[in-house]
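Here is how the chains run, residue by residue.
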Amino acid sequence: MNDLIPMLGGFLSDPFELFNIPIEEWVTQFVNWLVDTFRSFFRTYVSPPVKAVMESVQWLLTSTPPLIFLAVLFVIGWRSASWKVGLFAIIAFTIIGFMGLWDGLMVTLSLVITAVLFCLVIGIPIGILCSRKDLTYTILRPILDIMQTTPPFVYLVPAVMLFSIGNVPGLIATIIFAMPPTIRLTNLGIRQVPGQYTEAATAFGSTPRQILWKVQVPLALPTIMAGLNQTIMLALSMVVIAAIIGAGGLGLEVFQGLNRLDIGQAFVGGLGIVLLAMVLDRITQGLGDKAPGNRAGGDE
Amino acid sequence: MIRAEGVTKIFGPDPDSVPPLLKQGKTKDEIQAETGHVVGVNNASFQVGAGEVFVIMGLSGSGKSTLIRCINRLIEPTYGKIILDDPEFGDQDIASMDEQTLRQMRSSRMSMVFQHFALFPHRTVLSNVVYGLEVQGRDKAEREELGKKYLEMVGLGGWGDHYPNELSGGMQQRVGLARAVATEAKILLMDEPFSALDPLIKVQMQDELIKIQRELDRTILFITHDLDEAMRIGDHIAIMEAGEIVQIGNPEEILVNPKTEYVANFVEHADPTGVITASTVALPFKDRHFEASGEEQDVTYWHRKGYPEIRFGVDKDGKLKRMTFEGNNVSIHALETCINEADNAPARHTDAAVYCQEDTILKQVMRGRAYSELPVVVNDSEGRMTGVIDEPELINGILEKRGYAQDD
């Protein structure tokens, strides 16, 4: 009876002393278990394809002479958006080149391209699946939220434990971080296709597959492109952070600059990243505007 | 061609609980208030013959769009049969078709035109028109050829490479029509296809549809809320109210003989002059209304009671041979031959009379009366005189939508 009073007093002054949820321990145990169990699986089956794609893209970009690269870039910018975007892309890349960061630019670009390729290949089918089955989306939604809102640094630790350091773990973390917009906006785009079009397609005897590929996906393309744009931006930001675990490129310039307190080097790297981001953004936005599904706007 | 038997659609979680309530005579609104189920279509039965235009008409919410979607199962009917009788395939019940057969039927035997066109905005006009053929799996050259042919037919030959949003509403619906007829399906479902169009364009499209229908000999199931449209294009009309078909008949039957108050209200303001036929309003050529007034050679003269100055000379077969007005002989002309003259030089004759057929519409009869002051004579298909139309009959026909002396 006498003991009870101080206990009650202690509870009132600090109620959270009473009990502690050991989530920290659980997570540590879970990650340890994950690493122990799947490390060899990930290293044999996940790393090689990612690495192979990355090396091919990198080889292609670095072995192209810069002048030819710039010419191709102009054509891409011009065809996907306008000649102004093409011109802007050339100027931006030339500035980066004259800052002495051409090689870093190519590495970063190849990392982004690789990550985005995997995001699309995995994300679009999952997005389509979500749009057709409500249950899939209900289950996937909290997972997507976690993938997107977890601070990017948090991915890096398990990525290193599973894949060691270098470009590949950086890429894996990037793919996971950048994929949600592709899934979300593919799902959203398909769901937003007005019912009258799918009804018309059904009335003409289309199979569900024909409706998907002839009507829903083309009409959802502007939205899917918006997802691609977001995915590219997220990938770019993550690729920079991944420099911490040994990924190369422009991020490495920033990271090294910060480590050595060399503000100039960090700023130059940062400027390169900003310019690259602007070029990629303009090009993908242009793609979205030119998508055939955009004609729906003027319909009724 | 299509026979719907007791087609019923009930929306809600437990449709089987609703039919007993319907049998008790509860209305759609009562059922919705009590159980939350919506009766979209209740026990609709009708028959559409090959090559005819069958119009389903009703106000919004009457279930007509639901009913037409039950026919190609864009909406699954809860009960009932939809028999497709086609000599090529035999009788088939659409309501119980499996997915595969259903898709085949939709792609090659029954196509559809939509109220808001529903053209695919990402496809060119031509590629919209060939969509059905693409689904059928025809090869590209054949598709394009057919597509161009039908695009030509709806008057949009040069527009194949444009996108739908570059076309006006009327043109878009022409594309919709071309897309539907291009599959060469024998049956065309049209869900208020012209409701979204301007009145002028609408009439133009109706004429064009009638023309195309004659050319291609398709069977058309047409939905509308516009009575004049229904009367213009329909061979038969079914009127729907609160999910039920309340009357089926040809335009004239519905106009002259509305079965319920709802139908009567509907047709009250319809323009009867294009629908009602001469035989409906004519004063029958019978003893009760006519008196003999002398004989001459091969004919017997008759005059309408109270009007001895106009005499009709009829031979023993019942054919009108001569007519006199105030003792003078009057020439007799077919309505068709004098309509143009009446339009060009409106001088009303008292020395010439006009005859028409039993199925001539009032509009034409009136134009005949502009040519001649004398009553219009109505002949049957054998050329026998069956009645006359004078002012009282015309006025009654227009105002009351029925004959002046229909009591016999």
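Residues numbered from 1 in each chain as written. Chains lettered and ligands numbered in written order. Predicted model: local features only at pLDDT ≥ 70, side-chain atom pairs only at ≥ 80, totals over all residues.

## Re the domain arrangement of chain B
- The assigned domain composition of chain B is domain 1 (2–268) and domain 2 (278–400).
- Relative placement of domain 1 of chain B and domain 2 of chain B: their C-alpha centres are 42 Å apart. (Domains from an automatic or database assignment.)

## Observations concerning the sheet that holds strand β10 (residues 244–249) of chain B
All names here are of chain B.
- Reading across from one edge, β6-β7-β8-β3-β9-β10 is the order of the six strands in this open sheet, with mixed pairing throughout. Every other strand in the sheet has two partners, leaving β6 (110–113) and β10 as the edge strands with one partner each. Pairwise comparison of adjacent strand axes, ignoring direction, gives a mean angle of 20° for this sheet.
- Bridge analysis of β6 against strand β7 (residues 187–191) gives four bridges, and the strand direction is parallel. (Pairing = 2+ DSSP bridges. Helix = DSSP H or I, 4+ residues; strand = E, 2+ residues; numbered from the N terminus. Axes fitted to C-alpha atoms, helices over the stretch in contact; angles between N-to-C directions.)

## Notes on the nonpolar core
- Counting residues in hydrophobic clusters, the biggest one holds 178 residues, and the most contacted among them are A:A115, A:A235, A:V239 and B:L221.
- At 16 residues, helix α10 (residues 208–241) of chain A tops the list of elements feeding residues into this core.
- Split by domain, this core shows at least three residues from each of two domains, domain 1 (2–268) and domain 2 (278–400) of chain B.
- Residues within four places of B:L221 in sequence aside, it is in contact with B:I2, B:V48, B:F54, B:I68, B:I71, B:I187, B:L189 and B:M190. (Core = buried A, V, L, I, M, F, W, Y, C linked by C-beta atoms within 7 Å. Buried ≥ 20, exposed ≤ 12 C-beta atoms within 10 Å, placed from the backbone. Contact = placed C-beta atoms within 7 Å.)

## Here's the deal with the interface of chain A and chain B
- Facing the 21 residues of chain A at the interface are 21 residues of chain B.
- Those elements that provide at least two residues to the side of chain A that touches chain B are α9 (195–203) and α10 of chain A.
- Looking at the side of chain A that touches chain B, the element that brings in the most residues is α9(A), giving six residues.
- In terms of residue class, the side of chain A that touches chain B is made up of nine nonpolar, eight polar and four charged. (Nonpolar A, V, L, I, M, F, W, Y, C, P; charged D, E, K, R; others polar.)

## Here we look at the sheet that holds strand β5 (residues 90–93) of chain B
All names here are of chain B.
- Strand order in this open sheet of four strands is β2-β1-β4-β5, and the pairing throughout is antiparallel. The open sheet has two edge strands with one neighbour each: β2 (38–48) and β5. Across the sheet, the mean angle separating the axes of adjacent strands is 20° when strand polarity is ignored.
- Relative to β5, strand β4 (residues 79–86) runs antiparallel, the two sharing four bridges. Residue L84 lies in a different strand from β5, and its bridge partner there is Q92.

## So, the packing of helix α2 (residues 23–63) of chain A against helix α8 (residues 167–192) of chain A
All names here are of chain A.
- At a minimum axis separation of 10 Å, α2 and α8 run at an interaxial angle of 100°. With respect to α8, the element α2 is oriented roughly perpendicular. Every residue of α8 that contacts α2 at S47, V50, K51 and M54 is listed here: N167, V168, L171 and I172.
- Across the contact of α2 with α8, the residue classes break down as five nonpolar, two polar and one charged. (Parallel < 35°, antiparallel > 145°, perpendicular 65-115°, else oblique.)

## Overview of the UniProt feature "domain: ABC transmembrane type-1" (unreviewed entry) in chain A
- This chain's UniProt record puts "domain: ABC transmembrane type-1" (unreviewed entry) on residues 105–284 of chain A.
- Across residues 105–284 of chain A, the secondary structure splits into 87% helix and 0% strand, with the terminal C-alpha atoms separated by 18 Å. (UniProt positions renumbered as here; feature names shortened; annotations may be inferred.)

## Re unusual backbone geometry
All names here are of chain B.
- The phi torsion at E184 lies on the positive side, around 60°, for a residue other than glycine.
- Tracing the backbone through its elements, the reader meets E184 in the loop between α8 (169–182) and β7.
- Residue classification places E184 among the partly exposed residues on the basis of 15 C-beta atoms within 10 Å.
- One non-glycine residue, A242, lies in the positive phi region at around 45°.
- Note that A242 resides in the loop between β9 (236–241) and β10.

## What about the environment of A:T28?
- Along the chain, the position of A:T28 falls in helix α2.
- Between the C-alpha atom of A:T28 and that of A:Q285, which follows or precedes it by 257 residues, the distance is 41 Å.

## Notes on the pairing of β7(B)
Residue and element names in this part refer to chain B.
- Along β7, five of the five residues are buried, which leaves the element largely enclosed by surrounding structure.
- Here β7 shows no split at all, with I187, L189 and D191 on one side and L188 and M190 on the other all buried.
- Crossover β7 to strand β8 (residues 219–224) through helix α9 (residues 199–216) is right-handed. (Right-handed = clockwise from strand over helix to strand, strands pointing away.)

## A short note on the pairing of strand β18 (residues 376–379) of chain B
All names here are of chain B.
- Residues V376 and V378 of β18 are buried on one face, and the alternating residues V377 and N379, pointing to the opposite face, are buried as well.
- Taken together, the three bridges between strand β17 (residues 352–357) and β18 define a ladder with parallel strand orientation. Bridging from a neighbouring strand, Q357 pairs with N379 of β18.
- Taking the sense of rotation as the criterion, the β-α-β connection linking β17, helix α15 (residues 362–371) and β18 turns out right-handed.
- Of the pairings in the sheet, the one linking β18 to strand β19 (residues 385–389) comprises four bridges and is antiparallel in character.

## Let's talk about the UniProt feature "transmembrane region" (unreviewed entry) in chain A
All names here are of chain A.
- Feature annotation in UniProt places "transmembrane region" (unreviewed entry) on residues 57–78, 85–102, 108–131, 152–179, 232–251 and 263–280, given in this structure's numbering.
- Annotated as residues 57–78, this span is 91% helix and 0% strand, and its ends, taken at the C-alpha atoms, are 22 Å apart.
- With 100% helix and 0% strand, the stretch residues 263–280 has end C-alpha atoms that lie 26 Å from each other.

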